[in-house]
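Structure assessment
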Amino acid sequence: MPAITPIGLRLGSLPVAVIGGGPVAARRARLLARAGAQITVIAPEVCEDMAELLRSLEFAHRTAGGEAPLWRARGFTPTDLDGVWMVAAATGNSEVDREVSELAHSLRVFCFKGGDAAGASAWAPALLSHGDTTIAVVSSGESGPRPTRTARLRDAIAGFLRARDSNLVDAGAVPDALPGELPAGPLTPATQGRVTLVGGGPGKTGLLTLDARDAIRSAQVLVIDRLAPRAVLGWVGPEVEVVDVGKSGGDHPVSQSEINAILVDRARTGKNVVRLKGGDPYVFGRGGEELDACRAAGVEVFVIPGVTSAVSVPAAAGIPVTHRGVSRGFTVLTAHSSLGRLPLAVDHTLVLLMGTAQLDSISHELIAQGNSPETPCALIEDGFGPRQRTTPATLGTLAETARAAGVRPPAITVVGEVTLRADVHADLHREVRLGVGA
């Protein structure tokens, strides 16, 4: 195989085409967009990551007087390469990708080719930013593309620079950072291995933080929970080991001690391990236990907070956990054990995570503490998910209402006067909910 020539290209304002709308195409589109190229995406459908990128580019496109759509919702036609300077073929269909690649070659247009980099005329490097310099690591070409090796070498270079120079740019400071461009948190040589505990939010990828996104894309091992946003599995390559440790009510196929051992074991082999949880790692996510296990084993560990479902899921239903004149504070508890002594719900909101099977004992305990049986409540199922639903109840009818409505996990129970606002701004909150990462 002929050697690769690493060069810098100025693609600013030049037309390029991305054929395909999946995660690989989205990664190539971000690479080209960051160079300032004028992108046109050709695909019948686009994934959430591509849609997010297109939305971020739309304003600048219109401001610059662009009229042609950035996304043409259809399949590839040969005229799509007319006048382009570069093309990325990543449809997931080898026949279509080959057609694009062969046409590009005949037109003297360089082409990224998803799933067949050896047959492409351009390869995507592993990148990091250092001051006003971009460092790119790319395979020489003699043994074919080796993305895992180049990413590890890039990480080792980053660790070396980090130890000597504070001028290394963090991933969060780079708009539309590329997949694996900079792992989140302090960087270390790839031989050391590390664990990053990542909060996945309430399950919608649009609610992940930028640091969480970058950490997931740089993972060599992804240890994922049941309530974490599963769409991120499309963000990692086939070489990434995915360990599913999902738990559901009463069913814990992988114990916490086993999860701790997995994190430590993989990190000790020099891997970049990402532990992806639903919500926030430190809000009933046992993140503290996993951090302690890693530190006890001498493994470097970092934490990226997530949007906790205790606040975001009620918000998705139009319920603020605090509201002036109604609630001046809120308490978050897991409903799997005794609640203990709590503030009365008259001017306080109680948010109960999990525990829908314990609603009988929960309501009895709260009423016994002096809360009125008429205290308004709301049961919110599958917040930000496809079956999101809010079921109103009172504290005295909570368990009965849940059974009658067929409420099932994942669900959150909110107790307090703020739940009466669930329908006040329902249309507004529905628009906000669908607009976040939609």
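Keep in mind that what you see is a predicted model, and the values were worked out from it rather than measured.

**A few points about the packing of helix α9 (residues 359–368) against helix α10 (residues 398–405)**
For the pair α9 and α10, interaxial distance at closest approach is 8 Å and the crossing angle is 155°. As far as their axial angle goes, α10 and α9 are roughly antiparallel. Handedness of the crossing formed by α9 with α10: right-handed. Residues Leu-359, Asp-360 and Ser-363 of α9 lie in contact with α10, whose contacting residues are Leu-398, Ala-399, Ala-402 and Arg-403.

**A closer look at the pattern of salt bridges**
On inspection of all chains with the given rule, the structure shows 15 salt bridges. Put simply, Arg-275 and Asp-225 hold a salt bridge, and the shortest N to O gap is 2.8 Å. Here the residue Arg-275 occupies a position in strand β11 (residues 272–277), and Asp-225 occupies one in the loop between β9 (221–224) and β10 (241–244), the gap between them amounting to 50 residues. Of the residues examined, Asp-225 reaches a relative accessible area of 16% and is grouped as buried. Connected through salt bridges with shared partners, the residues Asp-225, Arg-275, Lys-277 and Glu-290 form a single ionic network.

**Brief notes about the confidence of the model for the protein**
When the pLDDT values of the protein are averaged, the result is 81; 79% of them are 70 or greater. When the criterion is pLDDT under 50, residues 166–191 qualifies, and its contacts beyond four places in sequence or with other chains add up to 76 contacts. Overall, residues 424–438 carries pLDDT values under 50, and its contacts beyond four positions in sequence, including any with other chains, amount to 16 contacts.

Thresholds applied
- Residues numbered from 1 in each chain as written.
- Predicted model: local features only at pLDDT ≥ 70, side-chain atom pairs only at ≥ 80, totals over all residues.
- Heavy atoms only, no water.
- Axes fitted to C-alpha atoms, helices over the stretch in contact; angles between N-to-C directions.
- Helix = DSSP H or I, 4+ residues; strand = E, 2+ residues; numbered from the N terminus.
- Parallel < 35°, antiparallel > 145°, perpendicular 65-115°, else oblique.
- Left-handed = near helix turned anticlockwise from the far one by under 90°.
- Contact = heavy atoms within 4.5 Å.
- Salt bridge = Lys/Arg side-chain N within 4 Å of Asp/Glu carboxyl O.
- Buried < 20%, exposed > 50% of the residue type's maximum accessible area, 1.4 Å probe, protein only.
- pLDDT = per-residue confidence, 0-100.

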